[in-house]
Amino acid sequence: MPNKKIVLDTNCLLACISSKSEYFRIWKDFQKGKFVLCVSNEIIEEYQEIISAKATPQIAESIINAIVESEHVEFVDPQFRLHLIEADHDDDKFVDCAFAANAMYIVSEDSHFDILKKIKFPQLLVIKIRQFLEILGQPRWSENRD
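About the criteria used
- Along each chain, the written sequence defines residue order, and numbers are assigned to residues from 1.
- Restriction of local features to residues with pLDDT of at least 70 applies here, the model being predicted, together with a cutoff of 80 or more for giving and counting side-chain atom pairs; totals for whole chains, interfaces and linings are based on all residues.
- Side-chain metrics rest on all non-hydrogen atoms present in the structure, leaving aside hydrogens and water.
- Each axis is a line fitted through C-alpha atoms, taken for helices only over the stretch in contact, and angles between the N-to-C directions span 0 to 180 degrees.
- Elements are defined by DSSP. Helices are runs of H or I of four residues or more, strands are runs of E of two residues or more, and each kind is numbered from the N terminus.
- In these notes the angle categories are as follows: under 35 degrees is roughly parallel, over 145 is roughly antiparallel, 65 to 115 is roughly perpendicular, and the rest is oblique.
- Left-handed describes a crossing in which the near helix is turned anticlockwise from the far one by less than a right angle; the clockwise case is right-handed.
- Contact between two residues is taken to exist if any of their heavy atoms lie within 4.5 Å; hydrogens are not considered.
- Gly falls in the polar group here, along with every residue not listed as nonpolar (Ala, Val, Leu, Ile, Met, Phe, Trp, Tyr, Cys, Pro) or charged (Asp, Glu, Lys, Arg).
- A helix is expected to reach a length of 1.5 Å times the quantity of its residues less one.
- Per-residue accessibility, obtained with a 1.4 Å probe over protein chains only, is compared with the maximum for each type, and a residue is labelled buried under 20%, exposed over 50%, and partly exposed between these values.
- Arc definition: directions from the helix axis to the C-beta atoms.
- Pairing of aromatic rings covers Phe, Tyr and Trp, the last through its six-membered ring, and needs centres within 6.5 Å; plane angles under 30 degrees mean stacked, over 60 mean edge-to-face, and all others mean tilted.
- One speaks of a salt bridge when a side-chain nitrogen belonging to Lys or Arg is within 4 Å of a carboxyl oxygen belonging to Asp or Glu.

A word on the packing of helix α3 (residues 41-54) against helix α5 (residues 92-101)
Contact geometry for α3 and α5: axes closest at 9 Å, N-to-C directions at 140°. Overall, the two elements α3 and α5 adopt an arrangement that is oblique. The handedness of the crossing between α3 and α5 comes out as left-handed. When α3 is examined against α5, the residues Glu-42, Ile-43, Glu-46 and Tyr-47 are found in contact with a partner set consisting of Lys-93, Phe-94 and Cys-97. Among the residues forming the contact of α3 with α5, the class breakdown is four nonpolar, no polar and three charged.

Examining α3
Helix length check: α3, at 14 residues, gives a terminal C-alpha distance of 20 Å against a target of 20 Å (1.5 Å per residue), a fit within 8%. Taken together, the buried positions of α3 are occupied by Ile-43, Ile-44, Glu-46, Tyr-47 and Ile-51. For α3, the angular spread of buried residues about the axis comes to 160°, placing them on one side. Residues Asn-41, Glu-45, Glu-49 and Ala-53 are exposed on α3 and point more than 90 degrees away from its buried face.

Some thoughts on the packing of aromatic side chains
In the structure shown here, the tally under the stated rule is three aromatic pairs. Pairing Phe-35 with Phe-132 gives two aromatic rings, centres 5.1 Å apart and planes at 80°, and the pair type is edge-to-face. Placement of the pair is Phe-35 in the loop between α2 (24-32) and β2 (36-39) and Phe-132 in helix α6 (residues 129-136), with a sequence separation of 97 residues. Classification of Phe-35 by relative accessible area gives buried; the value is 1%. Taking the relative accessible area as the measure of exposure, Phe-132 reaches 0% and is therefore buried. Through pairs of rings, three or more aromatic residues link up here, namely Trp-27, Phe-30, Phe-35 and Phe-132.

Describing the pattern of salt bridges
Between side chains of opposite charge, pairing is possible as soon as their charged atoms come close. As enumerated under the stated definition, the model contains five salt bridges in all. Residue Glu-22 is joined to Arg-130 by a salt bridge in which the shortest nitrogen-to-oxygen separation is 2.8 Å. Placement of the pair is Glu-22 in the loop between α1 (10-16) and α2 and Arg-130 in helix α6, with a sequence separation of 108 residues. Where Glu-46 meets Lys-93, a salt bridge forms, and the shortest distance between an N and an O atom there is 2.8 Å. Here the residue Glu-46 occupies a position in helix α3, and Lys-93 occupies one in helix α5, the gap between them amounting to 47 residues. As far as burial versus exposure is concerned, Glu-46 and Lys-93 are alike and both buried. It is possible to trace a salt-bridge network through shared partners that takes in Arg-25, Asp-29 and Lys-34.

Okay, structure coming up:
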């Protein structure tokens, strides 16, 4: 089976959790197991904080519970701190998680991740949310995990 592990930047998570969003399919496909969402404690904490601020603490708690309780999540405890995102070290948590999980993609709209295109090691692929939505529609990603 191809590597279907991804790390989802917080803003992309926000963009896909509303049923009114054009990206809602990403959330639904996560729940169906079409990919594995890789997270660390730091990422979960940021998700909680940002969703609480943008929506409500109750919505944040529901989303976090759905993630934490999902069988399609890989919890990662990064042992290396790569410090690759010079423009915003707060984004390093996503890079460290992707590296530790051997994730196929980091899905982000944040231009700070563009620096990763210039780094030969580790090779971490960053794609935009629209690209990921298109990838999910391709046959190799549409197959069930079972």
